[in-house]
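Architecture at a glance
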Amino acid sequence: MNLNRVLQEAVNPPAKGKNEIKLQTRVFREGDKVMQVKNDYNINWTRGSEEGSGIFNGDVGILTCVDRQKGVVEVDFDGRKAIYPLLNLKELELAYAVTVHKSQGSEFEAVILPVVDVPPMLCYRNLFYTAVTRARSKMITIGRQSTIEEMVNNDRKVRRYSALKAFLEGSDGLG
């Protein structure tokens, strides 16, 4: 079972008077913690008398209202209230548990990092450092001390072959 669904049931279970909407296999419920998973420059938001547009990949908020009659949900992103048509819910995911990669640029009160069966390509210092620096006050690692040590000691960077240098120098980078 998906960790976000398990945590949703524990942290924000269904309740009388709490609206929710089901889309395929996902349930969004008032009170859910959600994350925007792609940039959307067309979502309008308000914060008091201030108005703007754009909710961006990685923005985390709380789903505050599900209005089936109007076909919209409202999400509060740290005071910016955004209205989503139901068609745009595909841009949101539950965010009770997020990957280290998705968490970059965010901070959380507590971070729990499972270091069990870490794939070798993810077993490096930068990833561990990123996870640790997301925690404001509590950092909990679960797993083997040897895996944590392996990650901390692995400062090798993965070489990327992007052809960026060639593009910047004016060639097409294709040969």
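For the structure itself, look to the data block above.
Described below are features of the structure shown in this document.

Definitions and cut-offs
Residues numbered from 1 in each chain as written. Predicted model: local features only at pLDDT ≥ 70, side-chain atom pairs only at ≥ 80, totals over all residues. Heavy atoms only, no water. Phe/Tyr/Trp six-rings, centres within 6.5 Å; stacked < 30°, edge-to-face > 60°. Helix = DSSP H or I, 4+ residues; strand = E, 2+ residues; numbered from the N terminus. Buried < 20%, exposed > 50% of the residue type's maximum accessible area, 1.4 Å probe, protein only. Lys NZ or Arg CZ within 6 Å of the ring centre and 35° of its normal. Salt bridge = Lys/Arg side-chain N within 4 Å of Asp/Glu carboxyl O. Arc of directions from axis to C-beta. Contact = heavy atoms within 4.5 Å. Pairing = 2+ DSSP bridges. Axes fitted to C-alpha atoms, helices over the stretch in contact; angles between N-to-C directions.

Describing the packing of aromatic side chains
The relative placement of two aromatic rings is captured by the distance of their centres and the angle of their planes. Taken as a whole and assessed by the stated rule, the structure comprises two aromatic pairs. Relative to Phe 56, the ring of Tyr 41 has its centre 5.3 Å away and its plane inclined at 65 degrees; by these criteria the two rings are edge-to-face. Of this pair, Tyr 41 sits in strand S4 (residues 40-47) while Phe 56 sits in the loop between strand S5 (50-55) and strand S6 (60-67), placing them 15 residues apart in sequence. Residue Phe 56 is classed as partly exposed on the basis of its relative accessible area, which comes to 30%. The cationic tip of Arg 80 hangs over the ring face of Trp 45; the distance from NZ or CZ to the ring centre is 5.5 Å.

Thoughts on the pattern of salt bridges
Counted according to the given criterion, the structure contains seven salt bridges. Put simply, Glu 50 and Arg 47 hold a salt bridge, and the shortest N to O gap is 3.5 Å. We note a salt bridge from Arg 136 to Glu 109, for which the minimum N-O separation is 3.5 Å. With Arg 136 in strand S11 (residues 135-143) and Glu 109 in strand S10 (residues 108-115), this residue pair connects regions lying 27 residues apart in the sequence. Since its relative accessible area comes to 51%, Arg 136 is described here as exposed. Three or more residues joined by partner-sharing salt bridges are found here, namely Glu 9, Glu 20 and Arg 29.

Some details on helix H4 (residues 145-153)
Of the residues making up H4, those classed as buried are Thr 147, Ile 148 and Met 151. Down the axis of H4, the buried set is contained in an arc of 100 degrees. They therefore lie on one face. H4 presents Gln 145 and Asn 153 as exposed residues on the side facing more than 90 degrees away from its buried surface. Those residues of H4 that are buried are in contact with S10, helix H3 (125-132) and S11.

Some thoughts on the side chain of Asn 154
Within the secondary structure, Asn 154 sits in the loop between H4 and helix H5 (164-168). The contacts of Asn 154, once residues within four sequence positions are left out, are Cys 123, Tyr 124 and Arg 125.

Notes on the sheet that holds strand S7 (residues 72-77)
In space, the seven strands of this open sheet follow the order S5-S4-S8-S7-S6-S3-S9, with antiparallel pairing throughout. In this open sheet, the two edge strands, each paired with only one partner strand, are S5 and strand S9 (92-94). Neighbour to neighbour, the strand axes of the sheet diverge by 40 degrees on average, direction disregarded. Here S6 pairs with S7 via five bridges, running antiparallel. Residue pairing for S7: Asp 67 is matched across the bridge by Val 72.

These figures come from the coordinates and say nothing about function on their own.
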